[in-house]
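The residues making up each chain are set out below.
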Amino acid sequence: MGMTARVLAVDAGNSKTDVAVVAADGTVLATARGGGFRPPAVGVRAAVDALAEPVAEAFAAAGITSVDHVSACLANADFPVEEEQLATALHARAWGTTVEVRNDTFAILRAGITEPRGVAVVCGAGINCVGMRPDGRTARFPALGRISGDWGGGWGLAEEALWHAARAEDGRGEPTALSRTLPSHFGHDTMLALIEALHLEHIEPTRRHELTPVLFTTAADGDPVARALVDRLAEEVTTMAAVALTRLDLLEEETPVLLGGGILAARHPQLDDGIRDLLASRAPKAVPQVVTASPVLGAALLGLDGLGASAAAQTRVRRFYDA
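Residues numbered from 1 in each chain as written. Predicted model: local features only at pLDDT ≥ 70, side-chain atom pairs only at ≥ 80, totals over all residues. Heavy atoms only, no water.

Trainee: Even after reading the chapter, I still don't get empty space enclosed by the protein, so can you show me in this structure?
Mentor: The gaps of empty space that remain are located by a probe, the size of a water molecule, rolled over the atoms. The final tally for this structure, using the stated rule, is 1 cavity of 30 Å³ or more. Each pocket or cavity is described by its volume, and for the largest cavity that value is around 40 Å³. Lining the largest cavity, in full, are Leu-259, Ile-263, Leu-264, Arg-267, His-268, Leu-271, Asp-272, Ile-275 and Val-290. Of all the secondary-structure elements, those providing two or more residues to the lining of the largest cavity are α10 (262-265) and α11 (269-282). (1 Å grid on protein atoms, 1.4 Å probe; cavity = no way out; pocket = protein on both sides within 12 Å on 5 of 7 lines; lining within 4 Å. Points joined across faces, edges and corners; volume = space filled by probe spheres on them. Helix = DSSP H or I, 4+ residues; strand = E, 2+ residues; numbered from the N terminus.)

Structure representation (structure tokens):
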């Protein structure tokens, strides 16, 4: 019975999808990878259709056709109604007897903690924060951009850097090296040339995210405007974490605060130090740490949590991904 497939773990982000079939004893029987998961762009049905290929690949490798439970951590599952829609669509696939859908940020959180207790702030293309307690209580934010009060993320930072660089060049803003380093990245001499290239889409709009590392490099070289943007991101990350800790009544308890996503995992010294200093002031018992584990591990652990799996089973699946 130990090798019976119990959980289909799914971590589906905007750029890629990872799936794993996990046995009752925590043995990972098969894994697979697929493309991005984008319901807002293609619709729920088409997005779930895109999951079918990696799931079929993993099921074939494991020699099964279904599991007991599907634990799916999905991008763009920001409201309960969206989680319900996605859960219904997944249940219709008959991949598992039961289905639970969460926002993909929960996968990063669970991957970094030994029990379902803590807070995670994720900063990649966007920014998000979630928290959980073993009793099932959670804290979260819609994380839909400016309409939900968000600031930060790689895309937002690139936009802010462009704004300051444009105003510096034409005299509306204070001088900043960003007015040189941003256009230089794309082979231009001036911000005006870069603005024109972006506007006319001579540069693909999706390439704007390439400017975020340029911002951090410019900040590391001492530019005050760039450094102020990095400091503001540290402030935002800390604020989200402190609010989530407060909502869960964890502010006065030693609690892990996981930092994930490409920007936070990069360990930029100014940002890293700024977050830790601010947390030490606002949430002294928070224990910040960077998460580098695969998020699908978190989806698997959440699935095992729901089935009441043993600590040994959870250790076994974690060792697979640590290796």
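Trainee: Help me understand helix α8 (residues 211-220), please; the structure alone is not making it clear to me.
Mentor: One full turn of an α-helix is made of 3.6 residues, so residues set three or four places apart face in the same direction. Of all 10 residues that make up α8, 7 are buried, and the element is covered over most of its length. One or two steps after α8, the chain reaches Gly-222, where phi turns positive at roughly 105°. (Buried < 20%, exposed > 50% of the residue type's maximum accessible area, 1.4 Å probe, protein only.)

Trainee: Would you explain the pattern of salt bridges in this entry?
Mentor: It is possible for side chains of opposite charge to pair when their charged atoms get near one another. Considering all chains together, one arrives at 16 salt bridges under this definition. A salt bridge links Arg-110 to Asp-305; its shortest N-O distance comes to 2.8 Å. Of this pair, Arg-110 sits in helix α4 (residues 105-111) while Asp-305 sits in helix α12 (residues 295-306), and the two are 195 residues apart along the sequence. The salt bridge partner of Asp-170 is Arg-172, with a shortest N-O separation of 2.8 Å. Look at Asp-170 and you get partly exposed, because its relative accessible area is 46%. Each of Lys-16, Asp-18 and Arg-33 takes part in salt bridges that share partners, so that together they form one network. (Salt bridge = Lys/Arg side-chain N within 4 Å of Asp/Glu carboxyl O.)

Trainee: Just to check I follow, could you spell out the packing of α8 against helix α9 (residues 224-247) for this structure?
Mentor: The description of two helices packed together rests on the angle between their axes and the distance between the axes. Here α8 crosses α9 at 110°, and the two axes come no closer than 8 Å. If you check the angle between α8 and α9, you find them roughly perpendicular. As for the relative orientation of α8 and α9, their crossing is left-handed in sense. Along its contact with α8, which presents Leu-215, Phe-216, Thr-218 and Ala-219, the element α9 presents Ala-226, Arg-227, Leu-229, Val-230 and Leu-233. (Axes fitted to C-alpha atoms, helices over the stretch in contact; angles between N-to-C directions. Parallel < 35°, antiparallel > 145°, perpendicular 65-115°, else oblique. Left-handed = near helix turned anticlockwise from the far one by under 90°. Contact = heavy atoms within 4.5 Å.)

Trainee: Looking at this structure, how should I read unusual backbone geometry?
Mentor: Phi at Ala-94 is positive, roughly 60°, even though this residue is not glycine. Along the polypeptide, Ala-94 turns up in the loop between α3 (80-92) and β5 (96-103). A positive phi angle, near 55°, is found at Ala-143, a position not held by glycine. Looking at where Ala-143 falls in the secondary structure, it is placed in the loop between β8 (138-140) and α5 (153-170).

Trainee: What am I meant to see in the layout of surface pockets here?
Mentor: What the largest pocket holds in volume is close to 1600 Å³. As for the largest pocket, its lining consists of 48 residues, of which Asn-14, Gly-124, Ala-125, Gly-126 and Ile-127 are closest to the centre. Mapped onto the lining of the largest pocket, the elements with two or more residues apiece are β1 (5-12), α4, β6 (118-123), β7 (127-132), α5, α8 and α10. Element by element, the count of residues in the lining of the largest pocket is highest for α5, at 5 residues. Volume-wise, the second largest pocket comes out at about 260 Å³. Going through the elements one at a time, β5, β8 and α12 are the ones with two or more residues in the lining of the second largest pocket.

Trainee: Whenever I open this one, the sheet that holds strand β2 (residues 17-23) confuses me. Can you help?
Mentor: Backbone-to-backbone hydrogen bonds join strands into a sheet, with any given pair of strands oriented parallel or antiparallel. What the 5 strands build is an open sheet, ordered β3-β2-β1-β4-β5; its pairing is mixed. The two strands at the open ends of the sheet, each matched to only one other strand, are β3 (28-34) and β5. Each neighbouring strand pair of the sheet contributes to a mean axis angle of 15°, computed without reference to strand direction. Two elements, β2 and β3, share 6 bridges in a ladder whose sense is antiparallel. Its bridge partner lying in β3, Val-21 is registered against Ala-30. Packing against the sheet, α3 makes contact with β4 (67-74) and β5, and its axis sits at approximately 150° to β5. With respect to the sheet, helix α13 (residues 311-322) is in contact with β2 and β3, its orientation differing from that of β3 by roughly 50°. (Pairing = 2+ DSSP bridges.)

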